[in-house]
Amino acid sequence: MAHNYDRESVQELLSWAKNMLENKTYPEAPYQLNKCTKILDCEDYLNSAIATISSHWENPTFHPTIEHLWEFREKVEKMDGIISCRMVGQ
């Protein structure tokens, strides 16, 4: 999925990540994000991503870091949807 790197889109993503940290709703670690990426500590990952993206979001060199956080968000939200559907079906 193509994402925008404008201020509004990035700030919304950062708000989502900060909310996840504040509410401690991130997945338990280790968390397999994709075939090549295993996050050993989701709290540390989110803190690092927030700090890096907040400081460098305008620099295209850091767009992969933003994409990585979007991928994390999409997977977490997909899993939340699956769990919610299972709970409703019980």
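All figures in this text were calculated on a predicted structure; none of them were measured in a lab.

1. Considerations on the side chain of H63
With respect to the helices and strands, the residue H63 is situated in helix α3 (residues 63-89). Assessed through its relative accessible area of 18%, H63 is described here as buried.

2. Re the confidence of the model for the protein
For the protein, mean pLDDT is 88; residues scoring 70 or higher make up 88% of the total. Looking over the protein, one finds the lowest element-wise mean pLDDT in α3, namely 78, and the highest in helix α2 (residues 42-56), namely 97. Note on residues 84-90: pLDDT under 50 across the span, and 0 contacts to partners over four residues away in sequence or across chains.

3. Focus: the side chain of R73
Secondary-structure assignment places R73 in helix α3. R73 gets classed as buried once you look at its relative accessible area, which sits at 14%. Among all residues touching R73, those that are not within four sequence positions of it are E12, L13 and W16.

4. Focus: the pattern of salt bridges
By the definition in use, this model includes 2 salt bridges. Note that R73 is salt-bridged to E12, the shortest N-O span being 2.7 Å. Of this pair, R73 sits in helix α3 while E12 sits in helix α1 (residues 7-23), and the two are 61 residues apart along the sequence. Two residues, E77 and R73, come together in a salt bridge whose shortest N-O distance is 3.1 Å. A residue pair is termed a helical-turn pair when its members lie 3 or 4 positions apart in one helix, as E77 and R73 do in helix α3 at 4 residues. One connected set of salt bridges, linked through shared partners, spans E12, R73 and E77.

5. Quick look at the packing of aromatic side chains
The final tally for this structure, using the stated rule, is 4 aromatic pairs. Centroid distance Y31 to F72: 5.7 Å. Interplanar angle 75°. Geometry classified as edge-to-face. In this pair, Y31 sits in strand β1 (residues 31-34) while F72 sits in helix α3, placing the two residues 41 residues apart along the sequence. F72 matches Y31 in its accessibility class, with the two residues each being buried.

Cut-offs used in this document
- Residues numbered from 1 in each chain as written.
- Predicted model: local features only at pLDDT ≥ 70, side-chain atom pairs only at ≥ 80, totals over all residues.
- Heavy atoms only, no water.
- Helix = DSSP H or I, 4+ residues; strand = E, 2+ residues; numbered from the N terminus.
- Buried < 20%, exposed > 50% of the residue type's maximum accessible area, 1.4 Å probe, protein only.
- pLDDT = per-residue confidence, 0-100.
- Contact = heavy atoms within 4.5 Å.
- Salt bridge = Lys/Arg side-chain N within 4 Å of Asp/Glu carboxyl O.
- Phe/Tyr/Trp six-rings, centres within 6.5 Å; stacked < 30°, edge-to-face > 60°.

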